[in-house]
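Structural overview for review
Okay, here's what each chain looks like letter by letter:
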Amino acid sequence: MTEVRPGTVASASLWERDEEVATLEEAITALRADSATSGTLLVLSGEAGLGKTALLAEARRIAEGSGCAVWSARGGETVTSVPFNVVRQLLQPALVSLLPEEAREYLGDWYDIAGPALGIAEPGDRQPDPQGVCDGLVAAVRRLAKRDWPLVLLIDDAHWADQETLRWLAAFAERLDDLSVLVVVARRPGGVGGESARLLDVVAAAARPISTLSALTPAATEGLTRATLGEHADAPFCREVWAVTGGNPYETVELLAKVQDSDLEPSEGSAAELRDLNRSARGRGLVARLEGLGVDATRFAWAAAILGTGISLDLAAQLAGMPDDEASRCAELLGVARILTAAGSANGQRPDGDLEFVHPLIATAVYRSIPDALRTAMHGQAAWAVTESGRGAAAASRHLLEVHPDDDPELVEQMREAAREHLAVGAPDAARRCLERALKEPPLPEVHSRVLYELGCATLLTAPSTTIGHLRAALERPGLEDTVRVDAVFRLSQALLHNNQLDEAVRTVDAEVERLEPGPARMRLQAVHYMWEGIHAGEERAGHSSGLAELVTTCTGRDNSERALLILRGFDAMTRGENAEEVVELCDRALVNGRLAPGLAWTDTEWGVELLLMLGSAYAYADRLDRAESLFSEALHAYVKAGWSGGHLSLANAYLGLAHRRRGRLADAEHYQRESLRLAERVGRGLPLYWSATCGLIDTLLARGHVQQAAEIAEGYGFTPPYPSTIVLPDTRSVRGRLLLAVGRTKEGINELEAAEKAAAARGHHNTVLAPWAVDLARALSTEDPSRAAALAGDARRQAERFGTDTAIGEALRCAAALETGQRAVRLAAQAVTYLEASPCQYEHAAARIEYGIVSRSVMELNKGLTLARACGADGLVAKAEAALTGL
């Protein structure tokens, strides 16, 4: 227990907080000792009034006294809907000290991504990816923290932080290992739900043991009472102080201040009056005390509570309907009553506002004391005042969210504008709230469908089932002109696809196609129809390939709808194992001077990422790996530059890894696929992109000979049936069958490869490189069923020759050689080397060289294969070649 000591009321909340103060001192000392040490996150948890804010103030005092920079921010109960509110507060000292060119230099590529969210840059033309904005904020704080080391970040009332800030804080907390910074977060337990609660749990999980604050003991309350009122305070009086306040430090401080104001004698005879005094410090008692200050002071306090944070004197005066001099008088009166106080110059900067409430409990009590109807009306007045002050629709929207629906077309337009502003800075949840509120107004009939469409776009892929409802409702109403209507149909089909409703997605598109006259819009939706069918992993739909082929016969690539159809036909032909030269010719016709057409780039949203992934994959499996790698590298660069660091960037890494895997650059492939899996984990397990990352990494690890690592990835990430309903590259069943064989589970591996055979037949997929189940199954059956193995190898060779790439034919010959002995095996192995030497796939070339060296007992061929295997990073092949050389 803290020893009884003389002190002021201001330090009273630190009584019995020696352990927490010592932890803060230790953390600050460790921070200053070495700029290379890992960062530290401390969480202070406790109910209102237990001293969290006082501990943060003490942390500031210690840190500044030790030469640390301190940035601080605070959540607010009435401003949780304001995106990036708390993180903006936190970065104020760094932001205001930088000129625009300095900020751009420090933030680099992240400036245009995180700058709009921080309010230091204008939004760009494209809607940013929220995950990219979050990553940009993480990068911004990390870079500025290195500049301002040693740095302490203080966040008070984190339970009232906006969701965008909490998302940043959770991401930042998980990346403190290589950044020397101290983060101290204060929050109340519970009180929030949904995504905010989850994010707070993530923050807590990254912290050192959480300090859970408890109430003061009777002995500490006695010591505090005597330190405040004097040693003559008797024991019965002190015990009553504890009984009345429950040991709550804030209530104790307030009660003792009122005892001093009332000149109450601190003796047993006065103890009975303590309960009445305490009631005036909170709840209805506080409201009664406020009302006792007069009508004007009460009205001004209400205005301040409506504004919540950043309370400027002139804006509060305007909202209270009084002149500035009267507002100043009320502010002084409320200051004497310890209800309002001058805003502190947190972070060493001019505060955002003139006033703040002495304690969040007071702010809450005042806000809730405003009669409901009046509170609603004042929020409407506040929205008008904020808009007139030039702060924009987004700033006013938090007040408009509280206004009752009233058939107001102007409010609908304000909320639509606010939603656009929120989307422009990467805050789709805030946009969704605005548009949902606009619908309650409700909008005029001619506008209603547009609001539903905009709401559907705002929730697209973050909440597919919700999106489906909004877009369906928009399409059922009049008001969407043709181009917007077509886009709404496309987005609805996307949402249905991601909600695992592929059949409904195709039906939705087909119904709109029937409604449209021939032209670009109709052709766009026809392409969408074939795109969704093309990525479906189930049984091929009747007439899919023939219908697509017929539609493409008239396509010259004159617009993006035709280019999309050419890509889809090229991808379909590749999966079916049709002539590879024709596949490449179709894909080439979809380009403009060898590049993606305007409106069909990676960050354009008219078509979606699926189409371009099909284009790159068609090139990759048709042995045009130069073009595939160029496309996927372009995707990676485009998404990084645009800050799209969610699912899009995960897919770009996965497919660039695929291109490197096909080329035989296995170490590079593993790097990109691990990064893809890391990003996919943030988006969520079970999605197709998650399967792409997992499957590609396992395939690469097997090629490297790292079987145990591949098995661990499969176990840890659930690489087992059921598989997703969309196509995954490389083929999931083929890769899992190969893994099972590699770990010695031969029977299970054969069963999986036979399942791959059936799935490929149902889809009409006959590309033996895309789905290499046949060559692996033939090898696995070579002993127990040699006739079937030979039949499989023969069929694989016929399909490979039909497709016509060096890789496909070389791999089929490798398989055939593995089933033979003697000179026939040597001849087939030599032919495999000839084809694979001309192939861009160096891993397969290395494997063929080594196998040829083994069957021909050629040291020269083994050494050639060994050199190639080492260049590929194929450790398993290296070991195989070295063992063969040793045995010769």
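Up top is the structure.
Below is a summary of the structure that appears in this document. Predicted, not measured: the structure shown is a model, and the values here were computed from it.

A count of helical and extended segments in the chain gives 44 helices and 7 strands. When its C-alpha atoms are laid out on the principal axes, the chain stretches across 110 × 70 × 50 Å. Looking at the chain residue by residue over its 888 residues, the buried ones come to 56%. Here the analysis covers contacts within the chain between residues at least 6 apart in sequence; of these, 67% occur between residues at least 24 apart. Of the accessible surface of the chain, which amounts to about 35800 Å², a share of 50% is contributed by carbon and sulfur atoms. For the chain, the distance from the average site of its 90 positive side-chain charges to the average site of its 123 negative ones is 5 Å.

A few words now on the state of the cysteines. Tallied over the full model, the rule gives 0 disulfides. Here Cys 587 is not disulfide-linked; the sulfur of Cys 555 is the nearest cysteine sulfur, at 14 Å. Look at Cys 587 and you get buried, because its relative accessible area is 0%.

Here we come to unusual backbone geometry. The step from Trp 149 to Pro 150 runs through a cis peptide bond, and the omega angle for that step is -5 degrees. Among the secondary structure elements, Pro 150 is positioned in the loop between α6 (130–147) and β3 (151–156). Leu 729 connects to Pro 730 through a cis peptide bond whose omega is -5 degrees. Topologically, Pro 730 is positioned in the loop between α35 (707–716) and α36 (732–742). The phi dihedral of Arg 338 is positive, around 55 degrees, even though this residue is not glycine. By the secondary structure assignment, Arg 338 is in the loop between α16 (324–336) and β6 (340–342). Residue classification places Arg 338 among the partly exposed positions, given a relative accessible area of 23%. Even without being glycine, Asn 593 reaches a positive phi, approximately 55 degrees. As for its placement among the helices and strands, Asn 593 is situated in the loop between α29 (580–589) and α30 (609–621). For Asn 593, a relative accessible area of 78% corresponds to the exposed category.

Attention shifts here to the pattern of salt bridges. Summed over all chains, the structure comprises 65 salt bridges. Between Asp 178 and Arg 142 there is a salt bridge, with the nearest N and O atoms lying 2.7 Å from each other. Of the two residues, Asp 178 sits in the loop between α7 (163–173) and β4 (182–187) while Arg 142 sits in helix α6, which places them 36 residues apart along the sequence. Residue Arg 142 is classed as buried on the basis of its relative accessible area of 9%. Between Arg 662 and Glu 844 there is a salt bridge, with its nearest N and O atoms 3.8 Å apart. Here the residue Arg 662 occupies a position in helix α32 (residues 647–663), and Glu 844 occupies one in helix α42 (residues 842–856), the gap between them amounting to 182 residues. Taking the relative accessible area as the measure of exposure, Arg 662 reaches 8% and is therefore buried. By relative accessible area, which is 3% here, Glu 844 ends up buried. Shared partners join several salt bridges into a network, and the residues in it are Arg 661, Arg 662, Asp 699, Arg 738, Asp 776 and Glu 844.

Scoring rules and cut-offs
- Residues numbered from 1 in each chain as written.
- Predicted model: local features only at pLDDT ≥ 70, side-chain atom pairs only at ≥ 80, totals over all residues.
- Heavy atoms only, no water.
- Helix = DSSP H or I, 4+ residues; strand = E, 2+ residues; numbered from the N terminus.
- Buried < 20%, exposed > 50% of the residue type's maximum accessible area, 1.4 Å probe, protein only.
- Contact = heavy atoms within 4.5 Å.
- Areas by Shrake-Rupley, 256 points an atom, 1.4 Å probe, with all protein chains shown as cover.
- Lys, Arg positive; Asp, Glu negative; His and termini not counted.
- Charge placed at Lys NZ, Arg CZ, Asp CG, Glu CD.
- Disulfide = S-S within 2.5 Å.
- Salt bridge = Lys/Arg side-chain N within 4 Å of Asp/Glu carboxyl O.

What is shown is where atoms sit, not what they do.
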